[in-house]
Amino acid sequence: MPLLPPLGAEIPCSTLADAKLEYAGRTLALSFRGGIKQRIDVNPENPEKSVRLRVVGFKMSADTESMTVTLEQNDVDVDAPSSLRITQQSPPQFEQIDVLPFTATIEQTDGGAPVVLTAKKPMILIGQTTQFPPHGQLYQLGYPVELVAPEDPGTAVGRITAFNCKKGGL
């Protein structure tokens, strides 16, 4: 029985994350809910032990009393940098690395125009799992993600410093 999912399959996965967002002089603790959908592609560099994961849908949101923060996939994932790799055959062990370029929309509940920011570099989530799709496994943020205004990509106006994410079976 093959350990890797079949090429071309689209795998949806529910996602929960406890995050820390630095924005507007405050550090906010946010609980995101949402999901990701990935299409399985060949990994030409190591087709026997890994596959590429093309993000075909990613959206998560968190609500507080004063705002809603939504993270959403930027654009079509053309180069599929995310991957799933077999690290051990028996019992099965995998390393999954998700590479997620995204836009963050911050909407204040008291009105006003939403603030739209983009990730300066994609968010990297790294997880070790015994199965794919994962079932409640924890994924960690690879590095803090700076958020910038599209019209001023050189100046960070926010940062995601933690994104402890559980995927699948939630």
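This text follows the structure it describes.
The notes below deal with the structure included here. (Residues numbered from 1 in each chain as written. Predicted model: local features only at pLDDT ≥ 70, side-chain atom pairs only at ≥ 80, totals over all residues. Heavy atoms only, no water.)

## Thoughts on the overall build of the protein
From N to C terminus, the protein includes zero helices and 12 strands. In the protein, the order of α-helices and β-strands from amino to carboxyl end is β-β-β-β-β-β-β-β-β-β-β-β. Over its C-alpha atoms the protein spans a radius of gyration of 17 Å, differing by no more than 12% from the 15 Å that the globule rule assigns to 170 residues. If you line up the protein on its principal axes, its C-alpha atoms span 55 × 30 × 25 Å. Per-residue burial for the protein yields a buried fraction of 41% across its 170 residues. Put simply, 61% of the contacts in the protein that link residues at least 6 apart link residues at least 24 apart. (Helix = DSSP H or I, 4+ residues; strand = E, 2+ residues; numbered from the N terminus. Rg over C-alpha atoms; globule rule 2.2 N^0.38 Å. Buried < 20%, exposed > 50% of the residue type's maximum accessible area, 1.4 Å probe, protein only. Contact = heavy atoms within 4.5 Å.)

## Structural notes on the packing of aromatic side chains
Inspection of every chain in the model, using the stated rule, returns one aromatic pair. Here the aromatic rings of Phe-32 and Phe-163 are separated by 5.7 Å at their centres, their planes lie at 40 degrees, and the arrangement is tilted. Of the two residues, Phe-32 is situated in strand 2 (residues 26-42) and Phe-163 in strand 12 (residues 152-167); the sequence distance between them amounts to 131 residues. Accessibility assignment for this pair places Phe-32 and Phe-163 in one class, buried. The lysine or arginine in question, Lys-121, covers the ring of Tyr-143, its NZ or CZ lying 5.1 Å from the ring centre. Lys-167 extends its terminal NZ or CZ atom over the ring of Tyr-139, reaching a point 4.6 Å from the ring centre. (Phe/Tyr/Trp six-rings, centres within 6.5 Å; stacked < 30°, edge-to-face > 60°. Lys NZ or Arg CZ within 6 Å of the ring centre and 35° of its normal.)

Geometric values such as these leave the question of function open.
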